[in-house]
Amino acid sequence: MSICRRYPRLWPGALLAALALTVTTVGQASAADVNNARNAGFESGLSDWTCSAGSGTAVSSPVHAGTAALKGTPAGQDNARCSQTVRVKPGSTYTLGAWVRGGYAYLGVSGTGTTDVSTWTPDSSSWKQLSTTFRTGSSTTSVTVYTHGWYGQAAYYADDVSVFGPDGGGGTDPGPTVPAAPGGLNVSGTSSSSVSLAWNTVSGATGYTVYRDGTKVTAVSGTSATVTGLASSTSYSFQVAATNAAGESPKSAAVTGRTNAPTGPGPALPKHAVTGYWQNFDNGATVQRLADVQSQYDIIAVAFADATSTPGAVTFNLDSAGLGGYTVDQFKADIRAKQAAGKKVIVSVGGERGTVAVNDAASAANFANSVHSLMQTYGFDGVDIDLENGLNATYMTQALRSLSAKAGSSLIITMAPQTIDMQSTSNSYFQTALNIKDILTVVNMQYYNSGSMLGCDGKVYSQGSVDFLTALACIHLEGGLAPSQVGLGLPASTRGAGSGYVSPSVVNNALDCLAKGTGCGSFKPPRTYPGLRGAMTWSTNWDATAGNAWSNAVGPHVHGLP
C-alpha cells in the first residue's frame, strides 16, 4: 500500500493493443460434427503443419493428451506462427479450439470469407483451452488455422487442435466422445465455510464440472475442488460431471458434505465489508488512534508490520511518539473494543517500502510463526498481504496455510496486490490467491498508481473510470475467485495516492455494475455478482483528513448491496 507516490511498470501500448482480441466461450460439438484438422495432436510430428522460420517442433513433454504436442519458440521478429490449411464446407459454422500453455499463446483462423477471428491467453503454467467460432463464406472451401506466440515472450505449447463442424472433405481426426460419469466422489475436507471434494480420473475427460445442490458452482481441470462461500453448520449435496469437446457426462452419484461450526471470538464478518488501512505513522494525514477509526470500516488493516533480521519473520512496533503518546496498552484495548463492536483488526505486511521476503521453507515457517505470535500478543484477527516488491507463490501459500493451521478457521486473510499483479492467473499474486481460496477472505486490488491495463474482455482501460474498475475486477471474478473474495481498492482522497483517485460516486457505480448490473460504463460484465465483498481504501487517516467523505458515501452503499 503506497505511503508515498509509486508508479508500476506500464505495458507497451503496441503490445496492449495487439492483445485486445475477442475471447469467446467454449462451444460444444454436435453429433454430426467432425474435427476437420489433421494431425491435431501432433502425434505425427509437424506433418500437415507449417511453422515460420523453423520455430516449431513436436515435443513429448508437456502434452495435453497423447504422446506429443507443439512447441513454438518466438525469436527476434518471428512470433512462432504454425499453420495448417483446413478443408471446410461453404456457408457453415465451425468451432476452432486448442489447448495451450507456456508463454503468450494465440489461436486464430484466416481466409474464412466472412470475419476472421482469433483468441489468446497470457502465459500459463498449466493447460488452458482456447476456443472461438467462425462461419465460412458462400464460396469458401478452405481456411488457414494458426497458432503463434508473442515477440520476446517464452515458448508456448499447443495440443489437440480442433476445427469442429461439417465435414469439409479434407480428411479428419476422430472426434472425441462424451466421457463417462466420474466415480469415487468423496468429501476430502471441510471448514466452517468450505467443502473439499475429490474423485477418480475419467478417460477422455479434459475437465470437470462441480454441482452443489444441482447448481453448477465451479469447473476445474483436475480431480479435486474446494467449494467455498458456504454457510457454517450446513449440509450440501455435491455431484461432479466430466467434460470434453463432445459434451458433458452424466452427473456422478451424489455425496453430502457438512460445513463445520464457526469457531473463534466475535461475530462473523458481514456479507459486504469495507476495509480501511490505519497508518501507524504520521505522513501528513490526520493522526488517529484505532478508537478514532470511522464505524463504517469492518476490517481495519494496521499498516505495517516490520521486517526483522530473521528471513521471513515480522514484528510490530507501535509508533507511540509519532501518534501523540499512544501506548501499547491503549492500542490493545482499542483492538478489543473494535472487535466487541463487530470489527476485525488485522496486521498488514509489506507496503511500498516493505522488505519481507518469503522464498523458502524456512522463511515460510518464520513468517507463519511470527504473525501468529503478533496475533496472540496484540489480538489481531489475521493478516493482510501487501508485498509490492513481489512474492513467491509456493512459499507464501505454505506460510499462510501454516498460519491457518495455527490460528483456526476464524483467521482473516486479505491481500492488496497492484493491478499488474492480477492480470493473469499465472501471476504469483493471483496464483497465491487461488492456492488459498478455501481460507482467503478478500483480495482488494489497488486500482490506483497504475498504468493502463487489460480488462477481462481483452480491451485496454485507463485508470480513473467505472470501466477500469469493473473490467479488471471481472478478471478476478471470472478467473477463479468467489465474488465474496473480491473488493475494489481506491484512495480515500487525491492525497492518498499518486494517481487513480475517483469520487465515491464512481466507486458506488462500479459496485452496482458488478453486483446488480446497473451504473455500468461501456463495459458490461458477463453476469452479476451479488456476493461481491465490497471496497477498500488507503487510508482511514486520509479519509479523516477529508472529513470522512469516502467512508460516509461508500460505507453505507457497500452495506446496502444485495
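Data block above holds the structure.
Q: Help me understand helix 6 (residues 466-478), please; the structure alone is not making it clear to me.
A: Counting along an α-helix, one turn takes 3.6 residues, and residues three or four places apart therefore face a common direction. For helix 6, with 13 residues, the first-to-last C-alpha span of 18 Å sits near the 18 Å given by 1.5 Å per residue. Taken across its 13 residues, helix 6 has 12 buried, putting it largely inside the fold. Of the positions making up helix 6, those classed as buried are Val466, Asp467, Phe468, Leu469, Thr470, Ala471, Leu472, Ala473, Cys474, Ile475, His476 and Leu477. At its buried positions, helix 6 is contacted by helix 5 (428-435), strand 27 (442-446), strand 28 (453-454), strand 29 (460-461), strand 30 (486-491) and helix 7 (504-516). Directly after helix 6, the chain includes glycine 480, whose backbone phi takes a positive value near 130°.

Q: I would appreciate a short explanation of the sheet that holds strand 13 (residues 195-198) in the present structure.
A: Within a sheet, adjacent strands bond to each other through the backbone by hydrogen bonds, running parallel or antiparallel. Pairing within the open sheet is antiparallel, and its three strands lie in the order 12-13-16. Two strands in the sheet have a free side with no partner beyond their single neighbour: strand 12 (186-190) and strand 16 (224-227). Within this sheet the neighbouring strands show an average axis-to-axis angle of 25°, counted without direction. Two strands pair when backbone bridges link them, and strand 13 and strand 16 are joined in this way by four bridges, in the antiparallel orientation. What sits directly across from valine 195, in strand 16, is valine 227.

Q: I keep staring at the sheet that holds strand 10 (residues 142-148) and nothing clicks. Help me out?
A: Strand order across the open sheet formed by five strands is 2-5-10-7-8, with antiparallel pairing between neighbours. Two strands in the sheet have a free side with no partner beyond their single neighbour: strand 2 (50-51) and strand 8 (117-121). The pairing of strand 7 (residues 105-110) with strand 10 spans five bridges and is classified as antiparallel. Across the sheet, leucine 107 pairs through a bridge with threonine 147, a residue of strand 10.

Q: I would appreciate a short explanation of the state of the cysteines in the present structure.
A: Among covalent bonds in proteins, the disulfide is the one between the sulfur atoms of two cysteines. Under the defined criterion, the tally for this structure stands at three disulfides. Put simply, cysteine 456 and cysteine 474 are joined by a disulfide, and their sulfur atoms are 2.1 Å apart. Judged by the sign of its S-S torsion, about 85°, the cystine formed by cysteine 456 and cysteine 474 is right-handed. Here cysteine 456, found in the loop between strand 28 and strand 29, pairs with cysteine 474, found in helix 6; they are 18 residues apart in sequence, far enough to count as distant. Looking at cysteine 456, the relative accessible area reads 29%, which means it is partly exposed. Here cysteine 474 falls in the buried class, since its relative accessible area comes to 0%. Look at the protein and number its bonded cysteines as they come in the sequence; the links are 1-2, 3-4, 5-6.

Q: I would appreciate a short explanation of the environment of serine 503 in the present structure.
A: Its location among the elements puts serine 503 in the loop between strand 30 and helix 7. It is 31 Å that separates the C-alpha atoms of serine 503 and leucine 391, two residues lying 112 residues apart in sequence. Among the polar contacts listed, one links the side chain of serine 503 to the side chain of serine 505, at a separation of 2.8 Å.

Q: I would appreciate a short explanation of the pairing of strand 8 in the present structure.
A: Taking burial as the measure, the five residues of strand 8 include five buried ones, the bulk of the element. When strand 7 meets strand 8, the two strands line up antiparallel, connected through five bridges. Bridge pairing in strand 8 links tyrosine 106 to tryptophan 120. In textbook terms, the turn of a hairpin is the stretch between consecutive antiparallel strands, and for strand 7 and strand 8 this stretch comprises six residues, one of which, glycine 111, has a positive phi near 75°.

Q: It is not clear to me how the pairing of strand 12 should be interpreted in this structure. Could you clarify?
A: In the sheet, strand 12 pairs with strand 13 via four bridges, with the strands oriented antiparallel. Paired with valine 187 across the two strands is leucine 197, which belongs to strand 13. The loop that links strand 12 with its antiparallel partner strand 13 comprises four residues.

Q: Is there a simple way to think about the packing of aromatic side chains in this case?
A: The description of an aromatic ring pair rests on the distance of the ring centres and on the angle between the ring planes. Overall, the coordinates contain 21 aromatic pairs when judged by the stated rule. Here tryptophan 150 and tyrosine 151 contribute two aromatic rings whose centre-to-centre distance is 5.2 Å and whose plane-to-plane angle is 65°, an arrangement assigned as edge-to-face. What makes tryptophan 150 buried here is its relative accessible area of 14%. Ring geometry for tyrosine 326 and phenylalanine 331: centres 6.0 Å apart, planes at 85°, overall edge-to-face. Ring pairing ties together the aromatic residues Trp278, Phe316, Tyr326, Phe331, Tyr378 and Phe380, which thus form one cluster. Lying across the ring of tyrosine 146, arginine 81 places its NZ or CZ 4.4 Å from the centre. The ring of tyrosine 211 carries the charged tip of lysine 251 above its face, separated from the ring centre by 4.4 Å.

Analysis parameters
- Residues numbered from 1 in each chain as written.
- Predicted model: local features only at pLDDT ≥ 70, side-chain atom pairs only at ≥ 80, totals over all residues.
- Heavy atoms only, no water.
- Helix = DSSP H or I, 4+ residues; strand = E, 2+ residues; numbered from the N terminus.
- Expected span 1.5 Å × (residues − 1).
- Buried < 20%, exposed > 50% of the residue type's maximum accessible area, 1.4 Å probe, protein only.
- Contact = heavy atoms within 4.5 Å.
- Pairing = 2+ DSSP bridges.
- Axes fitted to C-alpha atoms, helices over the stretch in contact; angles between N-to-C directions.
- Disulfide = S-S within 2.5 Å.
- Polar contact = N/O pair within 3.5 Å; in protein donor to acceptor, adjacent residues only side chain to side chain.
- Phe/Tyr/Trp six-rings, centres within 6.5 Å; stacked < 30°, edge-to-face > 60°.
- Lys NZ or Arg CZ within 6 Å of the ring centre and 35° of its normal.

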